[in-house]
Amino acid sequence: MLAGSGTSILGCAEPFIEEPTDATFLHGVASGDPRIDAVILWTRVTTNARTEVPVHWAIAQDPEFSKVVRFGKTQTSASADFTVKIDVQELKRGEIYYYRFKVGDKYSPVGRTKTLPSSDVEKISLAIVSCSHYAFGYFNVYRELTRHNDLDAVIHLGDYIYEAGAEGYGGEIGKTLGRQHQPANELLTLQDYRQRFAQYRTDPDLQAAHASTPFITIWDDHETADNAWASGAVYHDPKTKGDWTERRNAALQAYYEWMPIRDPEPGQLFYQLHRTYDFGTIASLHIIESRLTARSQQVSYSKDMVYKTTPFDFSDPKNPKPIRNEAYLATLPAALVRYVKTPFDMRGDIPIPILDYGQIEAFSLNGLPEGFDYSPDLETFRRDVLGDENRQMLGARQEAWLAKELRDSRAKNISWQILGNQTLMVRMDAPYLVDAFPEELIADAKNNNPYVRDWLDVTRYGLPINSDSWDGYPAARKRVFDIARSTNANLLVVAGDTHNFWANELHDETDGKRIGVEFGTSSVTSMGGYEWLGDAPEIFSIAEQKMMEKNKAVRFFNARDRGYIHLELTSDKAHANFIKVDTVRSRKYTADRLKRFTVTIDSPGNISAPEEDR
Ligand SMILES: [Fe+2]
């Protein structure tokens, strides 16, 4: 890349390089990964050229490019899917810049970007977004972001694209809106993922958001595959979908090509994308990667459940006897004791355990008859399965990195430590939802959708509602809380993934101390989980009320609206504005502030609960 400074070189291509004449910039421009003196500029050239394409770029202090501060030339080719990324250096801190590209005599649209601010800035303004499924609706939320003129950055917490095919998740709505996923198949190859990014980036609202503000991004699962973990995904069956590592690598290659982000630092693996951004002394933002670095496989409530057992005395193997006496059990050699899963007769008011070994064996061979069931041992399941210390979200190396970053941030006297996180971190148990809703409201969903039926049914155990979130990894969450606590962090966690809005307190389970506050953003378009039950407004009111009743740490839960969070920070206050759009099924929409919460720093390491501003 040639770089220099001067008034403007755009318009004076070197004559000996052949530049394509068919070039256009159909996918707009974007910027991201700002530093105090640098930013990534991005575009893609649409061309039939078969060779390298020379691309000029320039960045200026004004949108007319009369004050160009840096410019240069690079090239792209089919090997990068004709995407272009420039890491522009030596910029001034906290400055707004304008940039554009040029191939032949064609100019790209002009983008606006901003470097990270200097230490004397008094206020920071961020937009938090996640879950932008093309087929589920119009990107009105992205359009709305362009109306802010004070944003320092947009933080995208993942599910920027979805991997589903045109007939899969969101397909029905995509059909009615004329926004069906392309390619029509579920994404598996590099070509698939590239084509999907290209489709999303033709959207004018997404292009406008990128052109207006630098993005800081991290993937969640759908950029690779649904419910991904470090060496697979719940919805990736290698028998039908091929090798997981190849698929992940293809997905991430497309991600790095198409997103305005810096390539990994030397020594950093490309799938371990954690990094820190300092916004003056107001806030440091720590983007963590909780999918592909180290995440253990999700616990399944059906496959991994622990059931109540009865100890049997096998002294006489032909006639095993149940042991009812603890003292007798203690006298038996371990080799003679076997713990056998206990069926219960559920037909009466009280479940009756079946202790006849012959009958137990017959049940286990032939299946349980109607009216009989096994009984989950929830305490053991929570402690030994969900609570297994070895289950990872970040992994030891990323945890150590996070501890250092939080310590450094506090040492620099930075007020807020923000965790840019994918899935919800609050501890939250499911209320019993089958009883919660009047039968007639949800009958259709229950009768026609086995997934919904199972999901409702399993809430009777009062387990965490989503074992793919941090609730499925309580030991890993405790380690993050310990890090925040030991570094005196003023911890604000932002999360996506749920397609709902949340204001939560984060507590250390061991002594109840408040460790931080979590704001969960709703989706740009993706449908909220409770919409699967029906569209009666009561469904949302009941879900919201039951969830907050059951979980005092949840101070606010909105199950019905799409939107984003506008986060405003000063040295001692954080204001989270929950902005909703009234529809994503039409390009005509209105946006409104749904709620505003304020968190105050009381003393280092002690922040208030989120208080609603009225
Ligand atoms: Fe999502």
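What counts, and where the lines are drawn
- Residues numbered from 1 in each chain as written.
- Predicted model: local features only at pLDDT ≥ 70, side-chain atom pairs only at ≥ 80, totals over all residues.
- Heavy atoms only, no water.
- Helix = DSSP H or I, 4+ residues; strand = E, 2+ residues; numbered from the N terminus.
- Rg over C-alpha atoms; globule rule 2.2 N^0.38 Å.
- Buried < 20%, exposed > 50% of the residue type's maximum accessible area, 1.4 Å probe, protein only.
- Contact = heavy atoms within 4.5 Å.
- Areas by Shrake-Rupley, 256 points an atom, 1.4 Å probe, with all protein chains shown as cover.
- Lys, Arg positive; Asp, Glu negative; His and termini not counted.
- Charge placed at Lys NZ, Arg CZ, Asp CG, Glu CD.
- Core = buried A, V, L, I, M, F, W, Y, C linked by side-chain atoms within 4.5 Å.
- Pairing = 2+ DSSP bridges.
- Axes fitted to C-alpha atoms, helices over the stretch in contact; angles between N-to-C directions.
- Donors = N, O, S within 2.8 Å, 3.2 Å for Na, K, Ca; no water.
- Tetrahedral: all angles 85-135°; square planar, octahedral: opposite > 155°, others 65-115°.
- Left-handed = near helix turned anticlockwise from the far one by under 90°.
- Nonpolar A, V, L, I, M, F, W, Y, C, P; charged D, E, K, R; others polar.
- Polar contact = N/O pair within 3.5 Å; in protein donor to acceptor, adjacent residues only side chain to side chain.
- Expected span 1.5 Å × (residues − 1).

Participant: Just checking my understanding: could you explain the overall build of the protein chain for this structure?
Facilitator: Along the backbone of the protein chain there are 15 helices and 32 strands. Rg of the C-alpha trace for the protein chain: 27 Å, near the compact-globule value of 25 Å for 614 residues, within the 12% margin. For the C-alpha atoms alone, the extent of the protein chain along its principal axes is close to 95 × 55 × 50 Å. Split into buried and exposed, the 614 residues of the protein chain put 58% on the buried side. Within the protein chain, counting contacts between residues at least 6 apart in sequence, those at least 24 apart form 71% of the total. Total accessible area computed for the protein chain in this model is approximately 25600 Å², and 49% of it derives from carbon and sulfur atoms. Across the protein chain, the centroid of the 71 positively charged side chains sits 2 Å from that of the 87 negatively charged ones.

Participant: Please clarify how the nonpolar core should be interpreted in this entry.
Facilitator: A general feature of soluble globular proteins is that nonpolar side chains tend to end up buried together. Ranked by internal contacts, the top residues of the largest apolar core, which has 80 residues, are Tyr 142, Trp 416, Ile 418, Phe 519 and Leu 569. Sorting elements by how many residues they give to this core places helix 6 (residues 244–258) first, with eight residues. Not counting residues up to four positions away in its chain, the partners in contact with Ile 418 are Leu 126, Ala 283, Ser 284, Leu 285, His 286, Leu 492, Val 494, Leu 567 and Leu 569. One finds Phe 437, Val 480, Leu 491 and Ile 539 within the second-largest nonpolar core, a separate group that totals 45 residues.

Participant: What exactly am I supposed to notice about the sheet that holds strand 23 (residues 416–420) here?
Facilitator: Each strand in a sheet pairs with its neighbour through backbone hydrogen bonds, running either in the same direction (parallel) or in the opposite one (antiparallel). Pairing is mixed in the open sheet, where seven strands are placed in the order 15-16-23-24-26-25-27. The two strands at the open ends of the sheet, each matched to only one other strand, are strand 15 (275–279) and strand 27 (554–558). Adjacent strand axes in the sheet meet at a mean angle of 20 degrees, parallel and antiparallel pairs treated alike. Strand contacts of helix 14 (residues 474–486): strand 23, strand 24 (491–495), strand 25 (501–507) and strand 26 (514–520), with the helix running at about 115 degrees to strand 26, the strand carrying the most contacts. Strands strand 25 and strand 27 of the sheet are contacted by helix 15 (residues 537–550), whose axis makes an angle of about 165 degrees with strand 27.

Participant: Just checking my understanding: could you explain the coordination of the iron ion for this structure?
Facilitator: Four donors placed tetrahedrally about a metal ideally form angles of 109.5 degrees, and six donors placed octahedrally ideally form angles of 90 or 180 degrees. Protein ligation of the iron ion involves Cys 131 (SG), Asp 159 (OD), Tyr 162 (OH) and His 499 (NE2), the donor distances falling in the range 2.1 to 2.5 Å. Classification of the site at the iron ion rests on its four donor atoms, whose angles at the metal span 84 to 171 degrees, yielding the label irregular. Read N to C, the donor residues that coordinate the iron ion are spaced as C-x27-D-x2-Y-x336-H. With a gap of 337 residues between them, Tyr 162 in the loop between strand 11 (153–156) and helix 2 (171–177) and His 499 in the loop between strand 24 and strand 25 connect regions that are remote in the sequence. The exposure classification of Tyr 162 matches that of His 499, with both residues buried.

Participant: Can you help me understand the sheet that holds strand 18 (residues 321–322) in this one?
Facilitator: Ordered in space as 18-17-19, the three strands form an open sheet in which the pairing is antiparallel. The sheet is open, and its two borders are formed by strand 18 and strand 19 (337–341), each paired with just one other strand. Along the sheet, helix 8 (residues 357–366) contacts strand 17 (309–313) and strand 19; its crossing angle with strand 19, the most-contacted strand, is approximately 50 degrees.

Participant: Even after reading the chapter, I still don't get the pairing of strand 28 (residues 562–569), so can you show me in this structure?
Facilitator: Moving residue by residue along a regular strand, the side chains alternate between the two faces of the sheet. Here strand 28 lies mainly inside the structure; eight of its eight residues are buried. Taking every second residue as pointing to the same face, both faces of strand 28 are buried, with Arg 562, Tyr 564, His 566 and Glu 568 on one and Gly 563, Ile 565, Leu 567 and Leu 569 on the other. Where strand 10 (residues 124–129) lies against strand 28, five bridges are found, and the strand directions are antiparallel. When the bridges of strand 28 are listed, Ser 125 appears paired with Glu 568. Summarising the sheet, strand 28 and strand 29 (residues 573–581) pair through eight bridges and their orientation is antiparallel.

Participant: Where do I start with the packing of helix 3 (residues 190–200) against helix 6 in this structure?
Facilitator: It is the contact of helix 3 with helix 6, at a shortest axis distance of 8 Å, that shows an interaxial angle of 35 degrees. Considering how the two elements wind past one another, helix 3 and helix 6 form a crossing that is right-handed. Taking contact as the criterion, the partners of Leu 190, Tyr 193, Arg 194, Phe 197 and Ala 198 in helix 3 are, on helix 6, Arg 247, Ala 250, Ala 251, Gln 253, Ala 254, Tyr 255, Glu 257 and Trp 258. Among the residues making up the contact of helix 3 with helix 6, the classes are represented as nine nonpolar, one polar and three charged.

Participant: What's the story with the side chain of Ser 108 in this structure? I'm lost.
Facilitator: Here Ser 108 lies in the loop between strand 8 (106–107) and strand 9 (111–114). Looking at Ser 108, its side chain comes within polar contact range of the main-chain nitrogen of Phe 101, at 2.8 Å. Setting aside anything within four residues of it in sequence, one finds Ser 108 in contact with Phe 25, Val 29, Arg 100 and Phe 101.

Participant: Even after reading the chapter, I still don't get helix 6, so can you show me in this structure?
Facilitator: Note that an α-helix has 3.6 residues per turn; residues three or four places apart therefore point the same way. Between its first and last C-alpha, helix 6 extends 21 Å over 15 residues, near the 21 Å set by a 1.5 Å rise per residue. Burial analysis of helix 6 places eleven of its 15 residues in the buried class, the great majority of the element. By the burial criterion, the buried members of helix 6 are Trp 244, Arg 247, Arg 248, Ala 250, Ala 251, Leu 252, Ala 254, Tyr 255, Tyr 256, Glu 257 and Trp 258. By the N-cap criterion, in which a side-chain oxygen at the helix start approaches the backbone nitrogen of a residue two or three places on, helix 6 is capped by Asp 243, the distance to Thr 245 being 3.3 Å.

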